[in-house]
Amino acid sequence: MVDVEKVLDEAGLKNEFVREYVAHWAEITGADRVEVVSAADDARLLKEAVDAGELEPAGDGLYYSRSYYKDTARSEERTIVATNNPADKGVYNNWRPASEMKPMLVERMTGASKGKTMYVIPYLMSPPGSPLEAYAAGVELTDSRTVVLHMIRMARVGAQYVDNLADPNHFVRAVHVTGDLENLGQGTPDDQRYFVTVADERTILHFGSSYGGNALLGKIAHGLRQACYDGWASKAFLAEQFMLLGITDKVTGEKYNICGGFPSASGKTNLAMTLAPDALGDRYVVEFYGDDIAWLWVNPDDGKVYGMNPEFGVFGVAKDTNEKTNPTALDAIQPGSGALFTNVAYNADTHEVWWEGKTKEPPADVTGWRDWKGNLISEREPGDDSPWAHPNSRFTTTLANVPNVAKDFEDPAGVRIDAIIFGGRTSDREPLVRGIKDLAEGVYDGLTLGAEATFAAEGVDGQLRYDPMSMRPFMAYGEGDYARHWIDVIGAATEQPIFAHVNWFQRDPDDGHFRWPGYRENLRALLWLIDLKNGKVSGRETPVGILPTRDELHLEGLEISDEDLDVLLTIDVERWRQEMGFREAHLKQFDRLPEEIWEAHRRVAEALEAEEA
Ligand code: GTP
Ligand code: SPV
Ligand code: MN
């Protein structure tokens, strides 16, 4: 048996509730050793991980790892929100009673860390001093060293974050046990994995993965699922899968902050890291606040909506990240940054990494190159053109490495939110941007976000589905209550942000090309939205929101055909009328959906009926 008391004393970890929790799970998991970690342990842990073969060198201060080949993305099916109240059941949260799930997880975790070290990771999911700090503290226990190294990049890590809590018992208990990955029946009827958030007990129990949101529990499980529940239970805030950026217009000196949700792997990181298009000169400066999670609240002093990014790093999709699409990301993962790469292609001779879209063609000399599964490219069967990197392969780097990170990204006050946008991969129907000024219509728009699912979750790639506010995989309670909470929180602001729906992914059905060039050019749509909010442009009213006219958009230097632009700036009324029926069926699933949402739905439907097709 490990002498847990001794380990905690030596680490100076005094919080009695934390100590009790660590001792409890050390006994259940049967770990051989217990170790408390802080960010200062990074260099030592990196060296240990390299010596143990868990990481491989990928250049100066860069590291590479592969996860088990059946463990490369979140599993939505195996992810569950459990509580003690059946009324918390929603359509998407896979609700189960806490009393049923806890024993199942304890059973799976019992003795499952035998022979391993249980790392104790005290963390904070907010800048210190934030008004939401009380919801941000947690302690992850994990039996994976690579998970520790990821957590050190993605969250603020150290014993100080749990030793001075206002309420010493108010921290999230987050237990991660990897399990025997080769014998878990991933994706079969006998699947042993369970990723459970016991939301009303602020306890997270994840078993059977060592990858991404399944294992870095501060991020998705706490920062989104648990916080979504906490925000509602406390009535104090919203926790959303949102990016958050600032745009400064150097001519007027004004700065605007925009946050918004696109489903997983649909462009949040790319948008938050974007640079103004070269053709717009240096008038606009984009600052990065966050790329995956934002917590929003109203500041009672000025009545405005504020937001902050609870994370400390970026866990970004590697695919198609290159000098043209996202130079900022490349800077953030350069030599010396301490970045980690997972499931990209790797060359052990040269320590290089590669992924689809990093360069147009893969390295011409394949000597030494292995794909994400570890197989030599040189030994592939002729005609095997499967990707070298897994589509959900990722890079992990801290915010401080992002060259355009906002100077005030750690300001505990957060930043004022001027606009909230929704978007996703929608190959038709959704125009480039439509502005929405009414709160209920904005919330309605978020709830009816329809998009193609991506490879960030197992087994759903390409499916067209509704993903309310991009929170479908992270929703912690009922959708009707969630809509009510949104209207209440944002409705309490005396100055409302403007809403908008954006789409960078409309395609020409004839040849499949993206009608909008995307990436850095996306800033043009956001600039128009700010102009709309400020009354500098009035756009064109349509049944589904306000669209830009061609001359209101900042189009200087943009290469786009007239036909593509016309389609991007018009509404296909017939297609939208059909959509309204789908939306009605979608919304009908939700219990206690606020009447304001139904009114918004009917207003849009009636306006569409009245429109000339
Ligand atoms: P998660 O981390 O899974 O929540 O994803 P995310 O929403 O941050 O997505 P990310 O920005 O990493 O983009 C995912 C994929 O979409 C990448 O392969 C990008 O290259 C691609 N992408 C992002 N923005 C655009 C765009 O404007 N146009 C096109 N065509 N592709 C884009
Ligand atoms: C997502 O899938 O939305 C992510 C990556 O941000 S993960 O941390 O794996 O959830
Ligand atoms: Mn995400």
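Further up the page is the structure itself.
The residue numbers shown here count from 1 along each chain, following its written sequence. Key to labels: chains lettered from A, ligands numbered from 1, both in the order written. With the structure being a predicted model, the display of local features is reserved for residues of pLDDT at least 70 and the display and counting of side-chain atom pairs for 80 or more, all residues being used for whole-chain, interface and lining totals. Only heavy atoms go into the side-chain values, all of them from the structure, while hydrogens and water stay out.

**Student:** Looking at this model, I keep getting lost on the side chain of Glu-479. Mind explaining?
**Tutor:** Strands are runs of DSSP state E lasting at least 2 residues, helices are runs of H or I lasting at least 4, and numbering of each runs from the N terminus. Following the sequence through the fold, Glu-479 ends up in helix H12 (residues 479-491). Buried charge without a salt bridge: Glu-479, with Arg-472 as the nearest opposite-charge side chain at an N-O distance of 8.3 Å. Residues count as neighbours in contact if any of their non-hydrogen atoms are within 4.5 Å of one another. Aside from chain neighbours lying at most four places away, what touches Glu-479 is Gly-90, Val-91, Tyr-92 and Phe-590. Note on classification: 1.4 Å probe, protein chains only; a residue is buried when its accessible area is under 20% of the maximum for its type, exposed when over 50%, partly exposed between these limits. The sign given to each residue is positive for Lys and Arg and negative for Asp and Glu; His and the chain ends receive no count. Salt bridge, as used here: a side-chain nitrogen of Lys or Arg that lies within 4 Å of a carboxyl oxygen of Asp or Glu.

**Student:** Would you mind going over the site of ligand 1 with me for this structure?
**Tutor:** Around ligand 1, the structure places 22 residues, and the nearest of them are Ala-265, Lys-268, Arg-394, Arg-425 and Tyr-519. Here a polar contact is taken to be a pair of N or O atoms separated by no more than 3.5 Å, where protein atoms must pair a possible hydrogen donor with a possible acceptor and residues adjacent in sequence count only if both atoms sit in side chains. Within the side chain of Gln-241, one N or O atom sits 3.2 Å away from an oxygen atom of ligand 1. Here an oxygen atom of ligand 1 and a side-chain polar atom of Tyr-519 are 2.6 Å apart. Surface accessibility in these figures is a Shrake-Rupley result with a 1.4 Å probe; residues are shielded only by whichever protein chains are displayed. Coverage of ligand 1 by the protein amounts to 96% of the 660 Å² it exposes when considered alone. For the shell around ligand 1, the secondary structure elements donating two or more residues are helix H9 (268-272) and strand S18 (313-317). If you tally residues by element for the shell around ligand 1, the top one is H9, at three residues. Amino acid classes used here: Ala, Val, Leu, Ile, Met, Phe, Trp, Tyr, Cys and Pro are nonpolar; Asp, Glu, Lys and Arg are charged; the rest, including Gly, are polar. Residues that form the shell around ligand 1 fall into these classes: eight nonpolar, eight polar and six charged. We call a residue near a given molecule or strand whenever any one of its heavy atoms falls within 4 Å of it.

**Student:** How do you make sense of the site of ligand 2 when you look at a structure like this?
**Tutor:** Around ligand 2 sit Arg-74, Gly-212, Gly-213, Lys-219, Ile-220, Gln-241, Ser-264, Asp-292, Phe-315, Arg-394, Ala-456 and Phe-474, and that is every residue in its neighbourhood. Between Gln-241 and ligand 2, the recorded distance is 2.8 Å, taken from a side-chain N or O atom to an oxygen atom. Between ligand 2 and Ser-264 there is a distance of 2.5 Å, counted from an oxygen atom to a side-chain nitrogen or oxygen. Within the complex, 98% of the 280 Å² of free accessible area of ligand 2 lies under protein. Here ligand 2 occupies the largest pocket. Breaking the shell around ligand 2 down by element, the ones donating at least two residues are helix H7 (212-215) and helix H8 (218-234). Residues of the shell around ligand 2, tallied by class, amount to four nonpolar, four polar and four charged. Residues are called lining when one of their atoms sits within 4 Å of a cavity or pocket point, these points coming from a 1 Å grid over the protein atoms alone, where a cavity is a set in which a 1.4 Å probe fits but cannot get out and a pocket is an open set with protein on both sides within 12 Å along at least five of seven lines. What decides whether a molecule sits in a cavity or pocket is whether more than half of its atoms lie within 2 Å of the grid points.

**Student:** What's the story with the coordination of the manganese ion (ligand 3) in this structure? I'm lost.
**Tutor:** When four donors bind a metal tetrahedrally, each ideal donor-metal-donor angle is 109.5 degrees, and when six bind octahedrally, the ideal angles are 90 or 180 degrees. Coordination here is defined by N, O and S atoms within 2.8 Å of the metal (3.2 Å for Na, K and Ca), and since water is not considered, a site can look incomplete. Surrounding the manganese ion (ligand 3) are the protein donor atoms Gln-241 (OE1) and Asp-292 (OD), at 2.0 to 2.2 Å. Residue Gln-241 is located in the loop between strand S12 (238-240) and strand S13 (243-249), and its partner Asp-292 is located in the loop between strand S15 (284-290) and strand S16 (294-299); the two are separated by 51 residues in the primary sequence.

**Student:** Would you mind showing me how to read the nonpolar core here?
**Tutor:** Here is a general trend for soluble globular proteins: nonpolar side chains tend to be buried in one another's company. For our purposes a nonpolar core is just a set of buried Ala, Val, Leu, Ile, Met, Phe, Trp, Tyr and Cys residues, chained together by side-chain atoms within 4.5 Å. Membership of the largest hydrophobic core comes to 198 residues, with the highest contact counts inside it found for Val-22, Trp-295, Phe-341, Ile-420, Ile-421 and Trp-486. A total of eight residues in this core trace back to one element, the largest contributor, which is helix H13 (residues 523-533). Among all residues touching Val-22, those that are not within four sequence positions of it are Val-4, Leu-8, Val-34, Met-118, Val-120 and Leu-141. With five residues, the next largest nonpolar core counts Ala-345, Trp-354, Trp-369 and Trp-388 among its residues.

**Student:** How do you make sense of the environment of Val-298 when you look at a structure like this?
**Tutor:** For Val-298, the position within the fold is in strand S16. The sequence separation of Val-298 and Asp-572 amounts to 274 residues, and the corresponding C-alpha distance is 37 Å. The residues touching Val-298, leaving out its near neighbours within four places in the chain, are Gly-303, Lys-304, Val-305, Val-489, Ala-492 and Ala-493.

**Student:** What is the right way to read the sheet that holds strand S3 (residues 63-65) from this model?
**Tutor:** Backbone-to-backbone hydrogen bonds join strands into a sheet, with any given pair of strands oriented parallel or antiparallel. Here a strand pair is declared whenever DSSP counts at least two bridges between the two strands. Spatial strand order, S2-S3-S19-S23-S18: five strands in an open sheet with mixed pairing. The open sheet is flanked by strand S2 (56-57) and S18, the only strands paired with a single partner. The sheet contact formed by S3 and strand S19 (residues 340-342) spans three bridges and is parallel. Paired with Tyr-64 across the two strands is Phe-341, which belongs to S19.

**Student:** Before we go on, may I ask you to explain the pairing of strand S10 (residues 194-198) in this structure?
**Tutor:** Looking along a regular strand, one sees the side chains alternate between the two faces of the sheet. Buried residues dominate S10, accounting for five of its five residues. A two-sided burial pattern is seen for S10, the buried positions comprising Tyr-194, Val-196 and Val-198 on one face and Phe-195 and Thr-197 on the other. Bridge count for strand S4 (residues 79-83) against S10 is four bridges, and the pairing is parallel. What sits directly across from Val-81, in S10, is Thr-197. Strand direction decides the pairing type here: S10 and strand S11 (residues 203-207), joined by five bridges, are antiparallel. The residue bridging Phe-195 from the neighbouring strand is His-206, located in S11.

**Student:** Hey, could you run me through the sheet that holds strand S17 (residues 304-308) in this one?
**Tutor:** Taken in spatial order, the four strands make up an open sheet running S12-S16-S17-S24, and their pairing is antiparallel. Edge strands, defined here as strands with exactly one partner in the open sheet, are S12 and strand S24 (415-416). Sheet topology note: the S12/S16 ladder contains three bridges and is antiparallel. Opposite Leu-238, over in S16, you have Leu-296 as the bridge partner. Orientation is described by axes fitted as lines to C-alpha atoms, over the contacting stretch for helices, and by angles from 0 to 180 degrees between their N-to-C directions. Along the sheet, H12 makes contact with S12, S16 and S17, crossing S12 at roughly 115°.

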